[in-house]
Amino acid sequence: YVYPGSKKERDKQSRIARYKKSLAYTDQILAEIWQSLKQRHLLDNTVIYITGDHGQAFALRHKKNMTHRNFIYEENIRSFLLRIDRSQKQQQTISRPGSMGDILPTVIAESTTPASTQEQSSQNQSNQDKQQQNKNENLNLVMGENLFDANYSLKLQFFHKHQMPAQWGLRDGKWKYISRQTGTKHAELFNLEKDADEKINLATKYPQRIQQYQHRIARWSANMQQVFGQRLESKDLLQLSANDLSV
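The model shown is predicted, which means the values in this text are computed figures rather than measured ones. (Residues numbered from 1 in each chain as written. Predicted model: local features only at pLDDT ≥ 70, side-chain atom pairs only at ≥ 80, totals over all residues. Heavy atoms only, no water.)

Participant: Describe the sheet that holds strand β7 (residues 175-180), with residues and values.
Facilitator: Pairing in this open sheet of four strands is antiparallel, and the strands run β5-β6-β7-β8 from one edge to the other. Where the open sheet ends on each side, the last strands, each with one partner, are β5 (157-161) and β8 (183-191). For this sheet the average axis-to-axis angle between neighbouring strands, irrespective of direction, equals 15°. Note that β7 and β8 share five bridges and pair antiparallel. Considered in β8, the bridge of Arg-180 is made with Gly-183. (Pairing = 2+ DSSP bridges. Helix = DSSP H or I, 4+ residues; strand = E, 2+ residues; numbered from the N terminus. Axes fitted to C-alpha atoms, helices over the stretch in contact; angles between N-to-C directions.)

Written out as structure tokens, the structure is:
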């Protein structure tokens, strides 16, 4: 947790106290960026995206679950994407399972400039067609979808951790599956609609679902390693597409 004086307070403050101070410091920096944009008259034509790469745990829901790397419960992996656009008068809150792979397609799609006047409709339509073509080409370079699109399609979301014991898991609608990479002996299955805190393990009630999910994750993991290996060898990581990652 980084903020001015954080090293000196490391042994004097609790983890959660230092985490809150870190959040407050981050808010301060964001306020400075906001004020700078405002002073330079850039705020009204600037779109700001704020996100995080993981959650943070303080053993409040699950014992021994501290920081973000030791488990893959919701408090460890759940994040957010905040979009600030002064041109949009209506606020919108969307809650749907997504992944880090959706962030870039969202930014690309939401950055497309619409036509402004009827008088320039023909020219604007031509420009829009070009923008749409470029957008589609750009979207083909990455995996994921626009999170704000009304036609966003829910799909399996995979995640993993390398911290021992290595685990992986997936999100399938209301279902959340977690297991060790070595097998299903310690498998966990949660219905997040009824059990948001992941307290009731339903793995023994759905053995067929457990085997199906374990198989899907193993295929995903193998495919990911193969695709990334090929891209690294060809130095062409930007050509990674959703088709490469299908399971």
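Participant: Kindly report on the packing of aromatic side chains, identifying the contributing residues and their values.
Facilitator: Within the structure shown, the criterion is met by six aromatic pairs. Taking the centre distance of 4.9 Å and the plane angle of 10° together, the rings of Phe-158 and Trp-220 count as stacked. Here Trp-220 lies in helix α5 (residues 207-234) and Phe-158 lies in strand β5, a separation of 62 residues in the sequence. A relative accessible area of 11% means that Trp-220 is categorised as buried. (Phe/Tyr/Trp six-rings, centres within 6.5 Å; stacked < 30°, edge-to-face > 60°. Buried < 20%, exposed > 50% of the residue type's maximum accessible area, 1.4 Å probe, protein only.)

Participant: Explain the pairing of β7 residue by residue, including any values.
Facilitator: Extensive coverage of β7 is indicated by the burial of five of its six residues. In this structure, strand β6 (residues 167-172) lies alongside β7, joined through six bridges in antiparallel fashion. If you follow Leu-170 over to β7, its bridge partner there is Tyr-177. The turn linking β6 back onto β7 is made up of two residues, and Gly-173 within it adopts a positive phi angle of 65°. Remark: two residues form the turn of the hairpin made by β7 and β8, two consecutive strands paired antiparallel.

Participant: Describe the pattern of salt bridges, naming the residues involved and giving the relevant values.
Facilitator: Oppositely charged side chains may form a pair once their charged atoms are brought near each other. Following the criterion strictly, the structure yields eight salt bridges and no others. Here Lys-155 and Asp-102 are joined by a salt bridge, their closest N and O atoms 3.5 Å apart. Of this pair, Lys-155 sits in the loop between α4 (121-139) and β5 while Asp-102 sits in the loop between β4 (81-85) and α3 (103-110); the two residues are 53 residues apart in sequence, bridging distant segments of the chain. By relative accessible area, Lys-155 is classed as partly exposed at 31%. Judged by its relative accessible area of 0%, Asp-102 is buried. A network of salt bridges, in which partner residues are shared, links Arg-61, Glu-75 and Asp-197. (Salt bridge = Lys/Arg side-chain N within 4 Å of Asp/Glu carboxyl O.)

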